[in-house]
Amino acid sequence: MAADGKAPIMESAGHGVAFLRQHWRFAFLVAAIGALAQGLSLLLFGPGLMSLVVVLVVAAGAHAALLGAALHGERGAAARLPGDTGRVGGAMAVVGFFMAIISFMIVYITMSVLLWPSREQVKAAGQDQAQLAEILNRAVESQPGLLFWAPIIGAAILFALTSRLYLAAPASVDQRRVVVFDSWRWTRGNTLRVAAARLLLLPPGVILGFALQTLIAVAFGMPGGDAAALARLAEGSPGRFAIFFAAASFVQIALYSPLEAGLSAYLYRGLRPEATPAP
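The structure reproduced in this document is the subject of the present report. (Residues numbered from 1 in each chain as written. Predicted model: local features only at pLDDT ≥ 70, side-chain atom pairs only at ≥ 80, totals over all residues. Heavy atoms only, no water.)

1. So, the overall build of the chain
In plain terms, the rule: Only DSSP runs of H or I with at least four residues qualify as helices, and only runs of E with at least two residues qualify as strands; both kinds are numbered from the N terminus onward. The contact criterion used is simple: two residues touch if any of their non-hydrogen atoms lie within 4.5 Å. Areas reported as accessible are Shrake-Rupley estimates using a 1.4 Å probe. Residue values count occlusion only from the protein chains shown. Residues counted as positive are Lys and Arg, residues counted as negative are Asp and Glu, and His and the chain ends are not counted. Here the site of a charge means atom NZ of a Lys, CZ of an Arg, CG of an Asp or CD of a Glu.
Secondary structure summary: the chain contains eleven helices and zero strands in total. Reading the chain from its N terminus to its C terminus gives the helix and strand order α-α-α-α-α-α-α-α-α-α-α. Dimensions of the chain, computed from C-alpha atoms along their principal axes, come out at roughly 65 × 50 × 30 Å. For the chain, long-range pairs separated by at least 24 residues make up 76% of all intrachain contacts whose partners lie at least 6 apart in sequence. Only carbon and sulfur atoms are counted for the fraction: they give 70% of the accessible area of the chain, which is about 15,000 Å². The average position of the 20 basic charges and that of the 14 acidic charges among the side chains of the chain differ by 9 Å.

2. Notes on the side chain of Ser-257
Residue position: Ser-257 is located in helix α11 (residues 238-271). The residues contacting Ser-257, other than those within four sequence positions of it, are Leu-66 and Gln-252.

3. Digging into a nonpolar patch on the surface
This is how the line gets drawn: The patch calculation keeps residues exceeding 30% relative accessible area without a salt bridge and links them within 9 Å when they carry like charges or within 5 Å when they are nonpolar (Val, Leu, Ile, Met, Phe, Trp, Tyr). Here, a salt bridge means any side-chain nitrogen of Lys or Arg that lies within 4 Å of a carboxyl oxygen of Asp or Glu. We call a residue buried when its accessible area falls under 20% of the maximum for its residue type, exposed when it is over 50%, and partly exposed in between, using a 1.4 Å probe and counting protein chains only.
A surface patch of nonpolar side chains, amounting to about 1,100 Å² of accessible area, comprises Leu-36, Leu-40, Leu-43, Leu-44, Phe-45, Leu-49, Met-50, Leu-52, Val-53, Leu-56 and Val-57. Residue contributions to the nonpolar patch peak at six residues, all from helix α3 (residues 49-115). Relative to the helices and strands, Val-53 resides in helix α3. Residue class for Val-53 comes out partly exposed when judged on its relative accessible area of 40%.

4. Let's talk about the nonpolar core
Worth spelling out the cut-off: We call a set of buried Ala, Val, Leu, Ile, Met, Phe, Trp, Tyr and Cys residues a nonpolar core when their side-chain atoms join them within 4.5 Å.
The biggest cluster of nonpolar side chains holds 39 residues, and the ones touching the most others in it are Phe-26, Leu-67 and Leu-267. When contributions to this core are tallied by element, the ones reaching two or more residues are α1 (9-22), α2 (24-45), α3, α7 (168-175), α9 (191-219) and α11. In terms of nonpolar packing, the next biggest core, distinct from the first, is built from nine residues, Leu-42, Ala-217, Phe-241 and Phe-244 among them.

5. Observations regarding helix α6 (residues 144-164)
Defined as follows: Multiplying 1.5 Å by the residue count of a helix minus one yields the expected span of that helix.
The terminal C-alpha atoms of α6 lie 31 Å apart, and with 21 residues this matches the ideal 30 Å at 1.5 Å per residue to within 8%. Residues of α6 that are buried in the fold lie against α3, α8 (181-186) and α9.

6. Here's the deal with the environment of Ile-253
Examined against the element boundaries, Ile-253 turns out to sit in helix α11. By relative accessible area, which is 7% here, Ile-253 ends up buried. In sequence terms Ile-253 and Gly-68 are 185 residues apart; their C-alpha atoms lie 15 Å from each other. If we ignore the near neighbours within four places in the chain, the residues touching Ile-253 are Val-30, Ala-31, Gly-34, Ala-35, Ala-62, Leu-66 and Pro-258.

7. A look at the pattern of salt bridges
If you walk through the whole model with that rule in mind, you get six salt bridges. A salt bridge links Arg-80 to Asp-84; its shortest N-O distance comes to 3.3 Å. Of this pair, Arg-80 and Asp-84 both sit in helix α3, four residues apart, which is roughly one turn of the helix. Residue Arg-80 shares its accessibility class with Asp-84, and that shared class is buried. In this structure, Arg-138 engages Glu-134 in a salt bridge whose closest nitrogen and oxygen atoms are separated by 3.1 Å. Taken together, the positions of Arg-138 and Glu-134, both in helix α5 (residues 129-142) and four residues apart, correspond to about one turn of that helix. A relative accessible area of 46% places Glu-134 in the partly exposed class.

8. Concerning the packing of aromatic side chains
To keep it simple, the criterion reads: Any Phe, Tyr or Trp ring, taking Trp's six-membered ring, that has another such ring centre within 6.5 Å forms a pair; planes under 30 degrees apart are called stacked, those over 60 apart edge-to-face, and the others tilted. Charges are assigned to positions over rings by a cutoff of 6 Å between ring centre and Lys NZ or Arg CZ, combined with an angular limit of 35 degrees from the ring normal.
Tallied over the entire structure, the rule returns eight aromatic pairs. Each member of the aromatic cluster is reached from another via a ring pair, and the members are Trp-24, Phe-28 and Phe-250. The ring of Trp-184 carries the charged tip of Arg-164 above its face, separated from the ring centre by 4.3 Å.

Below, the structure is given as structure tokens:
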């Protein structure tokens, strides 16, 4: 980390790659266990709430294991995993809550701006869903640029928020308590650098992972990104769907998650104050 307290963008991204290169066996082991657990949950419970809970717990556990390896070594990560899973899950839940609030506000503001010229017609339509849908369609046709820019602006806001809170998960693992808002203070003045390091490191992992997942989908007879075919597979062949989901999850955890863990752990070490209380 730079002496002036500024996060070096290239060096930070390089540490994410270095972590994957040095700990790829551990990452593949974590990915295999996580993928197996998620596949079995779909096979046993089918698509539904219980499977979703298992998927979220496994995601938190995999990220906690990789963060633990980045901060305390692979053996230390295994010993701390149950507690770290809960702490990472708690931090993710808090961040997700704020993301949901901001997403709702973005949608609300976008719809308000979109329908403002037709506000009198909306009042007159009352509860007539057909008429409201017609008004909405006309509003969209008259302001196509709004629906183009609103998602881009919303994604940029959410990305900035997650960059500001990027140290929440590694801090929660290191300090053995759920830490979220301290990250807001620690990343002050470095938000753009954290965001730039993420943009430099993570998209290649996402692209490679998506390409491999597309190949897996093709192997199962589904065109890449065909949600309808995926739904038909889940309904008609639960076993094949569970295998497909497990394979796709393995790719996600093995390739993307170690980059995220290595980067966030490095930034946490460099940006936390030296006077941070010990766990």
